[in-house]
Each structure stands twice: as structure tokens, then as C-alpha cells.
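Read off the chains here:
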Amino acid sequence: MLASALPEWQALAAHRDSLAHLRLTDLFAADPRRFDHLSLRFDDFLLDFSKQRVTPETLALLIKLAEKRGLREFLADMTAGKAVNATENRAALHIALRAQGGYAVGDRDVTAEVQDTLARMRAFVARLRAGEMTGATGKPLAAVVNLGIGGSDLGPRMAVAALSPWASATVDVRFVANIDPAEFAVVTADLDPARTLFIVASKTFTTSETLANARAARGWLAAAGIGKEAAGAHFAAVSNNLAAARSLGIPSERCFPLPEWVGGRYSLWSAIGLPLACAIGMERFEEMLAGARDMDRHFLEAPFAQNLPVAMALIGLWNSDFLDAPTLAVLPYCHRLAWLPAYLQQLEMESNGKRVTLDGEPVDYPTSPVVWGMPGTVGQHAFHQLFYQGTRTVPCDFIVPLHASAGAGASLPENAAESQQALVANALAQSAALMRGRDRETARRHLLAAGRTADDAERLAPHLECPGNQPSSTLMFPELTPRSLGRLIALYEHKVAVQGCLWGVNSFDQFGVELGKQMAREILPQMPGGAAGFDSSTAGLLAYARNVFSRGRTP
Ligand code: F6P
């Protein structure tokens, strides 16, 4: 049954109508303890959702919906390793990767395989970081280039940037994802082939971008005199298809397994995290796992009303389905989290960008919002104007770690404490100003105080008016560390799973992406000639591209 057919959904719709005339400022005025009523703590994580267009009653009604949708049962099935990814008949047991045992897929306990991979990662990372891993010429390997895309790239890429203060000064970790040859060229331009290790990361080991970049790496090594036979010393692999990895000449002891029951976008905690572990060391990597484990425990044990991932999920669903807000802006006030919006785009949109329920029934409500964003304060000077005076409701997640810390090898400037205070003040100012807005009369008075004539003030006031009432949540925690990053990512993972359950969709498959891949496979052979079977647009574009290719570059 669709969620929208339930009486709980209808109750939410009626409740939404009853709130429609109220503004956030009214809600704050009516309840001086609104923050206390609509914020949650988990250890040193504070989630404030009092600036969302909700009341305690909204949350209570949303929890009723969650219960009716069988959230408890869904979580029990997911953690029991049942095939909640029903279309692919797979479990979604990424939680087991950071647990200290106790999880099974069907009746197969996975503790040993998880611990075995961690032990192999420990040994690998220790040797590399100690300068004991050498390339074909006998020189120690000092640069790691991860070749992967999507879930085999974004997690470690995001986390390496986020945890840069802990990065080794001796191992330089980089990423190549795009099939655009420019990325490989730029990333490897200043690297010494004799000292470079490539990690080919691909769950399926069939992804064309990653395989093309692995071939590029082969060619790059060969050009430096490291031929096919010797090149094995410069490769490692992470995959669920280890036979394919080995057939590329990657030595078995350098091939790390990625279990089938871990989806790509949930795989940071697996050997897909190897480049991160190379950068920050295994001890820090395991601190990140411990952080995720903290959040797992909270998620699985706290009552829904006190549960951070559940609250975030319910509010997201409310904004998307009852307030018609089509997007979610993710705004980390922390430059080290610059890759977080991209990471969450895959996590949320590939998981819940679905249009039919598990039973194949089309939904009649919106599912995943379009997730986007960039770090504050940079985004303030790019797109916040639309939040203030545009025509759309744009829910925002402000993510605010409080203490500053620079990247490895970088020391903070002398005025860092002052700048950090300003950064945090800006986050608070944005959420408050977006909520409060500025009415026309205030705008008029502002103009008069700035020396404008009464006529000018009258004429310009509408242009300074900001309606406010933009909903936002703020997540604060003391500092971005391996542990808090683990908590943060697990928080969003669980939020996505809860929303998938409420919407009734499968959060763990991604069949849509296949269509584009298939089309690329059809177009590629026709690049040199022919355009059979394509629409006139694709055929026209193909003809233009072919013409330009045939003429070569303009000198
Ligand atoms: O194309 C989408 C996708 O299948 C993602 O789900 C996945 O993370 C990415 O491609 C990479 O896949 P693989 O790890 O198999 O190379």
C-alpha cells in the first residue's frame, strides 16, 4: 500500500493545512521553549530543527506514520542481514563493517570476513606508510592514486579532504574518477611513476570509467619504462569481482574484497576506504568506524522521538512531500567538508531517487529531494540570494563543527580564532535571517536611516523585503575528527534508509543509472560513422562531433 493511502498520511496533510497560516516567527513567539522542544542531543552532537516548519505535533504525527510503515520491522530486517535490497536479492549490511561482530547475512556470520579485511588493510597501510612498499624500480611508493567512481570514489575522496589534518606528510593520496582524460593527466602530472601506487576500486570491476583509467595508468607506467610484467607492483584493487582484478595482473595479496552485501555508496567503511587509511593511518580509520558505530547504536536503540537520524528523515519527508520543497541544500560551515554535498548527492539521490515501491507500484508523492550545496560562507555569495528573495522554499542543513583545524602541512593563519568565530557566526546568522526575513516596513526604515529620501525608501523597500520563513536544521558538534566524521556520515546513511522505508522504495539498487551506461555503449561504436537507431537530436549532435573530430584541433 502507498504511504499516501494511509490515514496517518491524511492526518499529516490536514495538519499541514492547519499550520499553513503560521510562520516560523509566530511559532517561536508562541513557544519560548521551542528550541528545547525541537532539538535533540546525541552525546556532543546537537541537532536543532526548531527552525523547521514543524511543531511537536508534526513530529508526533510523522512518528505515527513511521510506525505504521513498519520502520521498526524494517530496521530489524536490515540489521538481521535479510535481503532488504529485494530487487537484487541482497542484504544491506554496511553496519556490520563497523561493528565488532554479531552480524550475519542470512545465517552466515560476517564477523570473520570483516575482521580479516581490516587486518589485511592494517598490514598494507603500515608497510606503505613506513616506506617499506616498493615499486618495480625498488623505490618506496609514496603516492596513492585511487581509480574509481561513484561509491568507489566519493566516500574516500570526501573523507580524505575532511580529515586532512591527520594526513601523512609522506604518502600523497589523490583521486581520479572521470573518464575525461584531463583528470588523469592533471592528477598524475607531478607524480613520479616509480613511486606511485594505483588502487583500482570497483565493486563490479566492469565500470568503463575505472577500467579506462586503469589502462591509462598502465600506459603512464609503461611510458616511464615500467612495463606490463613489472607493473603489478604499482597496483592494488578493491572489488567484489576479484577474478577480474587478478586478470588485470594485480597480485592476489594486493586484492581486497568488497562484500556483495555492501552497496557502493555505503562502502566507505570497507576496503573502499583503503586510500583514506593510507592517508590518515589505520588507527584513525578505525576511529572513524568507531564514530559510525556510535551513531549505529544510537539509531538502533534510541526511541524514535529522540533519534537523530529518524528526526532528520521525518523532517526531510515533511519538507519534500507536505511542503512541496523539491531540494535540500547541504551547507557545511567547514571547508574541509567541501566534498560532503557531492557525497550526499549520491547517497540520497541514488538511494531514494525512485518512482515505484518495492511492489512495483508507482508512487504518487515525491521521493528523494535534489540534494546540492557548497561550504559556507562561500555559498552565501553565490546562491543564498535565492533563499532570501526567490520564489521557492529551500530547506537547508547547516553543518557546523565548532573548532577550526587546518590540513596537513598547513598551519592556521594568525587570525584563525577570529575567522573561525566569524564562520560560526555566519552559520547562525544565515539560519536566523532566513527564518526571520525582513518585512517591508523594516526595509523602509532601514533605507531612511541610510539617508534615502522618503520617496526612494518607498520605491526601494519592496526590493529589500525578504519574506523569511525558510526552513533549516543545524547540526553542531565540537570538531571535525575521524570519530565525528564517522558519526556524521552514519547519521545521513540512516536518514536515507528511514526515508526509503517510509516511501516504500528500495534504497539499495540503482537500475536507472544502467540506462545511460547502456546508451553510451551503443553510441561509442558509432562515433566514427553511422547514427542508426537514434533520435534526430542525438544523431545531429553525433554528426557535429564527428565533423569536429575529423577536422582535428584548430591550430
Ligand atoms: O553507475 C552507478 C554506480 O553503479 C554506483 O552505484 C557505483 O557506486 C558506481 O557506479 C561505481 O560502481 P563500481 O564500484 O562497480 O565501479
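Heads up: the structure comes first, above all this text.
Residues numbered from 1 in each chain as written. Predicted model: local features only at pLDDT ≥ 70, side-chain atom pairs only at ≥ 80, totals over all residues. Heavy atoms only, no water.

Caption draft 1: View of the sheet that holds strand β7 (residues 196-201). Taking strand neighbours across the sheet as the criterion, the 5 strands line up as β6-β5-β7-β8-β9 in an open arrangement whose pairing is parallel. The two strands at the open ends of the sheet, each matched to only one other strand, are β6 (172-176) and β9 (255-257). Sheet twist, expressed as the mean angle between neighbouring strand axes with direction ignored, is 20°. As judged from the 4 bridges shared by β7 and strand β8 (residues 235-239), these two strands associate in the parallel manner. Residue pairing across strands places V200 opposite A237, the latter belonging to β8. Along the sheet, helix α8 (residues 181-188) makes contact with β5 (143-147), β6 and β7, crossing β6 at roughly 170°. (Pairing = 2+ DSSP bridges. Helix = DSSP H or I, 4+ residues; strand = E, 2+ residues; numbered from the N terminus. Axes fitted to C-alpha atoms, helices over the stretch in contact; angles between N-to-C directions. Contact = heavy atoms within 4.5 Å.)

Caption draft 2: Summary view of the pattern of salt bridges. In this structure the tally under the stated criterion is 30 salt bridges. The salt bridge involving E183 is made with R157; its shortest N-O contact spans 3.1 Å. With E183 in helix α8 and R157 in helix α7 (residues 154-162), the pair connects residues that are 26 residues apart, well separated along the chain. With respect to burial, E183 and R157 carry one shared label: buried. When the shortest N-O distance is used, the salt bridge between K517 and E514 registers 3.5 Å. One end of the pair is K517 and the other is E514, both in helix α21 (residues 511-523) and 3 residues apart, which spans about a single turn. Owing to a relative accessible area of 35%, E514 belongs among the partly exposed residues under this scheme. By sharing partners, the salt bridges in this structure join D43, D44, D294, R483 and R487 into a single network. (Salt bridge = Lys/Arg side-chain N within 4 Å of Asp/Glu carboxyl O. Buried < 20%, exposed > 50% of the residue type's maximum accessible area, 1.4 Å probe, protein only.)

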